[in-house]
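# Structural characterization, general
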Amino acid sequence: MGEVDPAFIQEPEHRPRLAIIEADGIPLIDLTAISSSGSPDREGIEKLVREVGGACSEWGFFQAVNHGVPAETRRKLESAARRFFAQDLEEKRKVRRSMECTLGYYDTELTKNVRDWKEVFDVAVSEPTLVPVSSDPEDDRVAKWFNRWPDYPPELREACEEYGREVEKLAFKLMELIALSLGLPAERFNSYFKHHQTSLLRLNHYPPCPSPHLALGVGRHKDGGAVTVLAQDDVGGLEVRRKSDGEWIRVKPTPDAFIINVGDIIQVWSNDKYESVEHRVMVNSERERFSIPFFLNPAHYTVVKPVDELINEKNRPKFKPYGWGKFMTHRRNSNFKKQNDENIQTYHFRVEE
């Protein structure tokens, strides 16, 4: 990845702007009230619910500290990820993903239509993970995905599994706070994830890019799932599009913090009260960057639609129901071959007013 291939050059409207606002505007939320042992801190939890609700409404993003995930668990995975990505490309591609199962390794050379300047290793949280074979509504076949583990480094599997368990606990606690902030019971969304969830742990490596003005680590996008829990290193590069004015805001790394954002599913469940916000990753010409997002996703058979408790005569449904598995499969397939139509997005299910 020493030269910038023309295939990765962004179209004019997607090219990074030179002037980026550095700001501490992304809310920083202390999760001590839900991560400490002992009796529940009712006042602390009520305060958290208000803070999380405000952050989801105003930004769609926030940073979380004192979250309860052991720092050593994160360090072990970060170290193992660095060792894996430091290998020769030939070794990494021994566990590369395929059209049939998109778990394992891939890089931009393996997905020609993707312009992201990075390489990735994907791990399913639930094994096997059940996913639709096709996005065709008439095709009921379901495939079983199993993780693909490399021989080196030998500690990678254990590190991924340990980290995945800890961050999954945090993600479910965050979902309860989000539910409470919407005036719903804390456990309102839990059933969508109990059996056969399609949650994903991803290891990202962004090599130094010799022409950072021509490429992005990840182009602007919204996350399709429920909640994303992101660990990033001190290099930074994540930028969020501010809802109030559309400006790109760079999220300054906070030691040991997680960056949390709500995805499209939360936007639909909340009937637009909370919005899944665009974000992107800038590349660095001198330093490599590592990040670890955890995507909390429901079971493939989940029908995503505004929750009934939030719908009334004054708040009509703003989205038509859609199947999460078919939605996910359509987007997955678009990474391997050119679709005849635009890659599916949540707004395709928006109800016309």
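Relevant structure appears above.
An account of the accompanying structure is given in this report. (Residues numbered from 1 in each chain as written. Predicted model: local features only at pLDDT ≥ 70, side-chain atom pairs only at ≥ 80, totals over all residues. Heavy atoms only, no water.)

Strands sit in the order E2-E3-E13-E10-E15-E8-E5-E4 across an open sheet of eight strands; the sheet is mixed. Each edge of the sheet is formed by a strand with only one pairing partner; in this case those strands are strand E2 (28-30) and strand E4 (104-107). Across the sheet, the mean angle from the axis of one strand to that of its neighbour is 25°, orientation sign disregarded. Note: strand E8 (residues 200-206) against strand E15 (residues 289-296), five bridges, orientation antiparallel. Looking at E15, one finds that asparagine 204 is bridged to serine 291. Sheet strands in contact with helix H2 (residues 42-58) are E2, strand E3 (61-65) and strand E13 (258-262), and its direction is about 160° off that of E2. The strands that helix H3 (residues 71-85) touches are E4, strand E5 (119-124), E8, strand E10 (227-232), E13 and E15; relative to E8, the one it contacts most, it runs at about 55°. (Pairing = 2+ DSSP bridges. Helix = DSSP H or I, 4+ residues; strand = E, 2+ residues; numbered from the N terminus. Axes fitted to C-alpha atoms, helices over the stretch in contact; angles between N-to-C directions. Contact = heavy atoms within 4.5 Å.)

What follows is about unusual backbone geometry. For the bond running from glutamate 127 to proline 128, omega is 0°, close enough to zero to count as cis. Relative to the helices and strands, proline 128 resides in the loop between E5 and strand E6 (129-132). That bond from tyrosine 152 to proline 153 is cis: its omega, -5°, falls within 30 degrees of zero. Considering the arrangement of structural elements, one finds proline 153 in the loop between strand E7 (142-145) and helix H5 (156-181). The phi dihedral of histidine 196 is positive, around 60°, even though this residue is not glycine. You can see histidine 196 is positioned in the loop between H5 and E8. Since its relative accessible area comes to 38%, histidine 196 is described here as partly exposed. Phi angles above zero are rare outside glycine, and aspartate 256 is one such case at about 65°. With respect to the helices, strands and loops of the structure, aspartate 256 is situated in the loop between strand E12 (248-251) and E13. Among the residues examined, aspartate 256 registers a relative accessible area of 35% and is labelled partly exposed. (Buried < 20%, exposed > 50% of the residue type's maximum accessible area, 1.4 Å probe, protein only.)

It is worth spelling out the pairing of E6 at this point. Across the two faces of E6 the burial is the same, with Thr129 and Val131 and Leu130 and Pro132 all buried. When E6 meets E7, the two strands line up antiparallel, connected through four bridges. Bridge pairing links proline 132 to valine 142 in E7.

A separate point is the side chain of asparagine 204. Locating asparagine 204 in the fold gives a position in strand E8. Leaving out residues up to four positions away in the same chain, asparagine 204 has contacts with Phe85, Lys118, Glu119, Val120, Arg289, Phe290, Ser291 and Pro293.

The geometry of two aromatic rings is summed up by the distance between their centres and the angle between their planes. All chains considered together, the criterion is met by 13 aromatic pairs. Taking 6.2 Å as the distance between ring centres and 50° as the angle between the ring planes, the aromatic pair formed by phenylalanine 121 and tryptophan 149 counts as tilted. Note that phenylalanine 121 is positioned in strand E5 and tryptophan 149 in the loop between E7 and H5, a separation of 28 residues in sequence. Each member of the pair, phenylalanine 121 together with tryptophan 149, is buried. Between tryptophan 324 and phenylalanine 327, the ring centres sit 5.8 Å apart and the planes meet at 25°, which makes this aromatic pair stacked. Within this pair, tryptophan 324 and its partner phenylalanine 327 are both found in helix H7 (residues 324-334), separated by three residues, close to a single helical turn. (Phe/Tyr/Trp six-rings, centres within 6.5 Å; stacked < 30°, edge-to-face > 60°.)

A few words now on the pattern of salt bridges. Applying the stated rule across the entire model yields 26 salt bridges. Arginine 242 is paired through a salt bridge with aspartate 245; the nearest N and O atoms lie 2.7 Å apart. We classify arginine 242 as partly exposed; its relative accessible area is 21%. Judged by its relative accessible area of 42%, aspartate 245 falls in the partly exposed class. (Salt bridge = Lys/Arg side-chain N within 4 Å of Asp/Glu carboxyl O.)

From the geometry alone we can't say anything about function, so treat these as descriptive.
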